[in-house]
Amino acid sequence: MNTTTENNKDNQIEQIEKKVKIQKPKKADFRMHAHVNPLNETLFPYPLNYNQVDWSLHYPKKFGKDPLKLYLNTLEYPIAYDDQVKPEYSESIVDFLDIGCGFGGLCFALSENYPDKYTFGMEIRGKVVNFVGEKIRALRDEGQAHNVSVIRTNTMRHLPQYFRKNSLEKIFICFPDPHFKKKNFRRRIVNPGLLSEYAYLLKPSGRIYCITDVEELHNWHVQHLEKHKMFKRVQDVEQDSAAKLIWNSTEEGQKVERNKGSKFIIVCEKV
């Protein structure tokens, strides 16, 4: 075979590879209402307990499975929860949890900056989860993002059904819905009952990060975290590399930055 023929063949192969390359999704195709009532009945599947969670579906490369297949618990990418999960697949490997991860900005930043840690995003809006999942698949097609995953679920109702006690290193809550009306305070993702759940799931000295652009909500975070007996406030936040990441990694954080708004952060450690 002469050199010209070989070059033509290589060019044909390169063109074929370009055609089948998975494209990254566009946010405009996945927009939906910003807020969902988390107190409503859950109408999509969820595990009855953490033994029904198959982590090999979320981090397939680690378990020798196809990394391009998606399981997001959405209509398009469903998950069937049952008791047939192998014990070695139900042992959680998640280190960082992003509650209400939105379009996944922080998840991807954590994945890149902490390549040896596993990040998991939880989001209640199905279309948004599909966006993050399809972006993960596109990045995995390029050899990236094997340590990050996302799922559609209602954290307020089902969080302890995914994780074991003392299993998480960090929990992130970034720019949550402030629920300004007093009657809706019970919908806030930071409250005494949920803080007890977060403490239960965090490892000793594990950290929880809360950031918002609403000062009244920040004061609420401070009040309830400082009052909770399982948490103590971290004073040297500027020394925490993860705290630096949450400042501008999320879509909401970037929007606040563009509008020259204020941001308020509190980091607490489990005692």
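Here the structure is a predicted model, which means the values were calculated and not measured.

Trainee: Tell me about the UniProt feature "active site" (unreviewed entry) in the chain, residues and numbers included.
Mentor: As recorded in UniProt, the sites labelled "active site" (unreviewed entry) are Asp177. Within the secondary structure, Asp177 is located in the loop between β4 (168-174) and α6 (192-201). Exposure remark for Asp177: the relative accessible area of 25% places this residue in the partly exposed category. Among the polar contacts made by the side chain of Asp177, one reaches the main-chain amide nitrogen of His179 at a distance of 3.0 Å.

Trainee: Any chance you could break down the pattern of salt bridges for me, citing the residues and the numbers?
Mentor: Where charged atoms from two side chains of opposite charge approach closely, those side chains can pair. All chains considered together, the criterion is met by 11 salt bridges. Put simply, Arg164 and Glu91 hold a salt bridge, and the shortest N to O gap is 3.9 Å. Taken as a pair, Arg164 in the loop between α5 (155-158) and β4 and Glu91 in the loop between α2 (87-90) and β1 (96-99) lie far apart in primary sequence, 73 residues in all. With its nearest N and O atoms 2.8 Å apart, the salt bridge here joins Glu169 to Lys117. With Glu169 in strand β4 and Lys117 in the loop between α3 (105-113) and β2 (119-123), this residue pair connects regions lying 52 residues apart in the sequence. Through salt bridges with shared partners, a single network forms among Lys117, Glu169 and Lys203.

Calculation notes
- Chains are numbered independently. Their residues run from 1 in the order of the written sequence.
- Where local features are concerned, this predicted model is filtered to residues with pLDDT of at least 70; where side-chain atom pairs are given and counted, the filter is 80 or more; whole-chain, interface and lining totals use all residues.
- Only heavy atoms go into the side-chain values, all of them from the structure, while hydrogens and water stay out.
- UniProt positions are given in the numbering used here, feature names are shortened, and annotations may be inferred rather than shown by experiment.
- Put simply, DSSP H or I for four residues or longer makes a helix, DSSP E for two residues or longer makes a strand, and each gets a number counted from the N terminus.
- Here's how the labels work: a residue is buried when its accessible area is under 20% of the maximum for its type, exposed when over 50%, partly exposed in between, all with a 1.4 Å probe on protein chains only.
- Distance and chemistry together define a polar contact, namely a pair of N or O atoms within 3.5 Å, with one atom able to donate a hydrogen and the other to accept it when in protein, and with adjacent residues in sequence counting only for side-chain atoms on both sides.
- Any carboxyl oxygen of Asp or Glu within 4 Å of a side-chain nitrogen of Lys or Arg constitutes a salt bridge here.

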